[in-house]
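Each chain is listed here by its residues.
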Amino acid sequence: MNIIANNIKQRLSLREPLQDALDIVAKLSDELTLLKEVDLVKELAKVKSFYPACIDFERNFPSLAFSIATGVGKTRLMGACIAYLYLQKGIRNFFVLAPNLTIYDKLIEDFGNPAYHKYVFNGISEFVHNRPIIITGDNYAQQGALFGDAEIRINIFNISKFSSDNKGSKKDGISLAPRIKRLSEYLGQSYWQYLSGLDDLVILMDEAHRYHADASKNAINELKPILGIELTATPIDEKGNYFKNVVFEYSLAQALTDGKYVKNPAIAKRKDFNSKGIDEHQLEIIKLEDAVSIHQDTKKELEVYSLNEGVKLVKPFILVVCKDTTHAKEIFDLVTSDQFYDGNFEGKVLQIDSTTKRGEDIEKQFIGLESENNIIEIVIHVNMLKEGWDVTNLYTIVPLRAANAAVLVEQTIGRGLRLPYNGKRTGVDKVDKLTIVAHENFDSVIEAAKDPNSILNKLSFIEIPVEDLNTKTEIITSISTLNVKFEVEQTEINKIADRVLKQTAQINLDAKRAIIDALPDFNAIPGVRTVDDLKGVDVKRKVIKLISDNLSKGQGNLFASQILAEAEVVYETMVTEFKNNIIEIPRMDLVQGDIEAYFEDFDLDIIGLSYQALDQEIIRMGLRDNLVETLSARSSGYYGNPVKLIIAEVINYPEIDYDENADLLYKLAGQACIALRDNLPDPGQLNQVVFQFKAAIADKIYRQMKSNFKLTEPEYLEPKVFPFVKIEQWNFSALINAGYKDYREVVQPTNTIPKFVFRGFEKACHFEYKFDSKTEQDLAFIFENDKTVIRWLRPSPNQFRIYWDNNSKRYEPDFVVETNDAIYMIESKMSSQLDAVDVQAKKVAAERYCKYASEFTAQHQGKKWKYVIIPHNVINRTMSLPYLISQFN
């Protein structure tokens, strides 16, 4: 087991494909000589023995290509490789090559700015006090021999800068040496000589397909590095030939299949759309309008997700792909005109092509597209957005006038696949989806997708009803019923004409609000085990003190003393009111412990473990006559301890850690030695046999150890439990004007239920809810009308902290229902999904929560918690909750 590689994986939180790629770098860096001007045939043979697809380095030094899909994290892998080669091999000099100015600037930030959120060495403690020195194509001429022996030096060059500085020039008719090859007063030699003379230079090539032209190859070869690491999503050179030195591939098709690291792309068109009889200009307007409709819907969903999860707000934008710069200008004029959505997009459109790219303001807006402060909602381009354009907030793409729509979609899709939230899918469909609008080309793209080798084969295809495209929504916040009461009371106060009476009523309301806002902060203090404990004298004193502190903040409150006096009077009443409007949900962070990996104890299978000592001979050849003779060799008899020889060979495998498996290793090596000795005519030859065949013996042991490798199921750690939490507010989108219905209303067709916000509840902890299905709406009806139900709740996404799937996902139950004798966590599922792996995993998590919650409440005369999954096909409005519980508890 390679401890350093594993530490880097954990510290940098490398995704699985990047972990595999780093393992390859670790393995091959052990196999390769890592010296200048080595025998490339021998070095290639070493690589081919592990990775047969690598048939030619294609350079004058060992160079390994990694084909990794856009959005998976190539830059992070470069950082991991640099960290590993420094920490494991002591290599201190690196040369990072960028294909264009955009990536060049980005790499300088990625590698050189610890404050940058994408800094690649975050977590590498060795680089905190020994930060890598960044030398760029702009400052290399000022660098001198000022470095210490322990410093890491990362040279970052843009290929155009590198190539131009590597060309000669003339001044006054006199030929000058290339800039990078001129004498440096700091170094006493040219920077080129300095770099090419380094005995540990490793070159990393970002977007490596840009450096396979002869000129680039020659310039790179002259640097004489000991190793090259090439990264690209398209391992095809300028002549259309596939790279011959690929040792690892994680393609876009594989990334889409895995569904972890990139958005879910979908091709969309307007339902029942027919382009016949529609001219090109009108077709473009329709596509742009539909793109805006999809964009607005996505924008609302991202706002809701941000509010519910308490995470950064992602502002999406549309990418419009045009035929040429003239076409791009026409579209820019169209979408910024008063006729297009009443001019709402004026000042919010960015045109990026050869006619606009150099504008300073445009450049700033382009770089800042991911910023929450950026106002751009539409980007128009022709062919400028290539490598290095790694924004995460592109959600809608509109290809216009595409001669070959399928090809354009394939080429453009990579620009929008990056995910905005830590590079992971959230599980929320619209937050994880990239939409390509392709009305007139929808069928041709579908046809192209039938090719199993096409990336399009991994896409989904959707037809959007016209009414959905024309629907407008708004973001609403569903507050707790208690806050709804306060809002109603505030409305009545605003109607009071008498100034004194109005102020008295306002002070009373402000006092009540202050108490309710403060109470949840006291669920962790000693002596508070239920809401009723908040009525204690000592707790009341602390709550009033907190209210006083809050009123004193900032400018203070002119009526602070009156509000405090009123709070003293109404305190006990408000604690009762608080209790009557919540369900006492115990607060805990329910997380899973670490997965343990280990080798199970076993006895070695010794079948076939039989070797005979080889004759030891010396071959001697004359230098003049080439005469060959053979001499017998006699050993001194010293080969070392055979058991230790075997163990030393076994622990060369990266998965085998000596410290964790010492007992098992000694046992297996000992059993191997006994079996070998029993099969020898002369037991005294054991040491010789082990020495000669140690690699084969170790391989046999390693293979058997792998078959006895075990992973433990992660157990839930016992949490610290607190008595109650506040009811978190809900945020969701609602149709403007016609988006609200009474929960008792029967909605047809049922697939429209998720569009509406339902009201009219009397027992719910919120004023309004949305439901994902008819089943959920029917359950709400049952809860409201069942006399055994006291209160019920449709929890907001951040109400519970219950984690599952190795803590990568948070469980959100459908409902929490309180009755006279118990509190139920209820989940409704399609009957066909009850045994699904994810449903069962959530069930385990929920039942564990209920177990710990029940243990806590049992100590304080509280109600027991129970988890129930109810199949969808048994639920209807005539059912009672006790009946459903009795059937499925």
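Below or above, wherever it landed, is the structure these notes cover. (Residues numbered from 1 in each chain as written. Predicted model: local features only at pLDDT ≥ 70, side-chain atom pairs only at ≥ 80, totals over all residues. Heavy atoms only, no water.)

## Some details on the sheet that holds strand 30 (residues 822-829)
Part 1: Strand order across the open sheet formed by four strands is 26-29-30-31, with mixed pairing between neighbours. Two strands in the sheet have a free side with no partner beyond their single neighbour: strand 26 (789-793) and strand 31 (864-871). Looking at each pair of strands side by side, their axes are set apart by 25 degrees on average, direction ignored.
Part 2: As paired strands, strand 26 and strand 29 (residues 815-819) are joined by four bridges and run antiparallel to one another. Among the inter-strand pairings, Leu793 is bridged to a residue of strand 29, identified as Val816.
Part 3: Helix-sheet contacts for helix 25 (residues 881-888) involve strand 26, strand 29, strand 30 and strand 31, and the interaxial angle to strand 31 is about 85 degrees. (Pairing = 2+ DSSP bridges. Helix = DSSP H or I, 4+ residues; strand = E, 2+ residues; numbered from the N terminus. Axes fitted to C-alpha atoms, helices over the stretch in contact; angles between N-to-C directions. Contact = heavy atoms within 4.5 Å.)

## Things to note about the side chain of Arg791
Part 1: Take Arg791: it is sitting in strand 26.
Part 2: Only 3.0 Å separates the side chain of Arg791 from the backbone oxygen of Asn580, close enough to count as a polar contact.
Part 3: Beyond its immediate sequence surroundings of up to four residues, Arg791 is in contact with Lys579, Asn580, Asn581, Ile582, Ile583, Lys763, Val816, Val817 and Glu818. (Polar contact = N/O pair within 3.5 Å; in protein donor to acceptor, adjacent residues only side chain to side chain.)

## A look at the sheet that holds strand 1 (residues 63-68)
Part 1: Read from one edge to the other, the open sheet built from seven strands follows the order 3-4-2-7-8-1-9, with strand pairing classed as parallel. Among the strands making up the open sheet, the edge pair consists of strand 3 (133-136) and strand 9 (246-250). With direction set aside, neighbouring strand axes in the sheet form an average angle of 15 degrees.
Part 2: Strands strand 1, strand 8 (227-232) and strand 9 of the sheet are contacted by helix 2 (residues 16-31), whose axis makes an angle of about 170 degrees with strand 9.

## Quick look at the nonpolar core
Part 1: Leu534, Ile547, Trp792, Met825, Tyr849 and Trp865 are the most contacted members of the largest nonpolar core, which has 93 residues in total.
Part 2: The element contributing the most residues to this core is helix 19 (residues 560-580), with nine residues.
Part 3: What Leu534 contacts, discounting residues up to four positions off in sequence, is Leu519, Phe522, Val528, Val539, Lys540, Tyr571, Val575, Phe578 and Phe724.
Part 4: If you look at the next biggest cluster of nonpolar residues, it comprises 80 residues, including Phe66, Val72, Val96 and Tyr104. (Core = buried A, V, L, I, M, F, W, Y, C linked by side-chain atoms within 4.5 Å. Buried < 20%, exposed > 50% of the residue type's maximum accessible area, 1.4 Å probe, protein only.)

## Some details on empty space enclosed by the protein
Part 1: Taken as a whole and assessed by the stated rule, the structure comprises two cavities of 30 Å³ or more.
Part 2: The calculated volume of the largest cavity comes to roughly 40 Å³.
Part 3: Every residue lining the largest cavity is listed: Val25, Leu28, Ser29, Leu32, Leu34, Leu64, Leu227 and Ile229.
Part 4: Examining the composition of the lining of the largest cavity, we find that three residues originate from one element, helix 2, more than from any other. (1 Å grid on protein atoms, 1.4 Å probe; cavity = no way out; pocket = protein on both sides within 12 Å on 5 of 7 lines; lining within 4 Å. Points joined across faces, edges and corners; volume = space filled by probe spheres on them.)

## Thoughts on the packing of helix 4 (residues 74-89) against helix 5 (residues 101-112)
Part 1: Here helix 4 crosses helix 5 at 45 degrees, and the two axes come no closer than 11 Å. If you check the angle between helix 4 and helix 5, you find them oblique. Regarding helix 4 and helix 5, the two cross each other, and that crossing is right-handed. Contacts between helix 4 and helix 5 pair Thr75, Met78, Gly79 and Ile82 from the former with Lys106, Leu107, Asp110 and Phe111 from the latter.
Part 2: For the contact of helix 4 with helix 5, the per-class residue count stands at four nonpolar, two polar and two charged. (Parallel < 35°, antiparallel > 145°, perpendicular 65-115°, else oblique. Left-handed = near helix turned anticlockwise from the far one by under 90°. Nonpolar A, V, L, I, M, F, W, Y, C, P; charged D, E, K, R; others polar.)

## A few points about helix 24 (residues 837-858)
Part 1: With 22 residues, helix 24 ought to run about 32 Å at 1.5 Å a step, and its terminal C-alpha atoms sit 31 Å apart, in line with that.
Part 2: Of the surrounding secondary structure, the elements contacted by the buried residues of helix 24 are strand 18 (589-590), strand 27 (801-804), strand 28 (809-811), strand 30 and strand 31. (Expected span 1.5 Å × (residues − 1).)

## Brief notes about unusual backbone geometry
Part 1: Cis geometry marks the peptide bond from Gln748 to Pro749, where omega comes out at -10 degrees.
Part 2: Even without glycine at this site, Glu207 takes up a positive phi of about 55 degrees.
Part 3: By the element assignment, Glu207 lies in the loop between strand 7 (201-206) and helix 8 (214-221).
Part 4: Here Tyr341, not a glycine, exhibits a phi torsion of approximately 50 degrees, which is positive.
Part 5: For Tyr341, the position within the fold is in the loop between helix 11 (325-335) and strand 12 (349-352).

## A short note on the packing of aromatic side chains
Part 1: Counted by the stated rule, this structure contains 30 aromatic pairs.
Part 2: Here the aromatic rings of Tyr769 and Trp792 are separated by 5.3 Å at their centres, their planes lie at 45 degrees, and the arrangement is tilted. Of this pair, Tyr769 sits in the loop between strand 25 (757-759) and helix 23 (774-785) while Trp792 sits in strand 26; the two residues are 23 residues apart in sequence, bridging distant segments of the chain. The same class applies to Tyr769 and to Trp792, which are both buried.
Part 3: Relative to Trp865, the ring of Tyr849 lies with its centre 5.5 Å away and its plane at 80 degrees, an arrangement referred to as edge-to-face. Of this pair, Tyr849 sits in helix 24 while Trp865 sits in strand 31, placing them 16 residues apart in sequence.
Part 4: Among the aromatic residues, those joined into a cluster by ring pairs are Tyr743, Phe758, Phe761, Tyr769, Phe771, Phe781, Phe783, Trp792 and Phe815. (Phe/Tyr/Trp six-rings, centres within 6.5 Å; stacked < 30°, edge-to-face > 60°.)

## Here we look at the pairing of strand 8
Part 1: Counting buried residues in strand 8 gives six out of six residues, a clear majority hidden from the surface.
Part 2: Here strand 1 runs beside strand 8; their pairing, made up of five bridges, is parallel. Bridging from a neighbouring strand, Ala65 pairs with Glu230 of strand 8.
Part 3: Relative to strand 8, strand 7 runs parallel, the two sharing five bridges.

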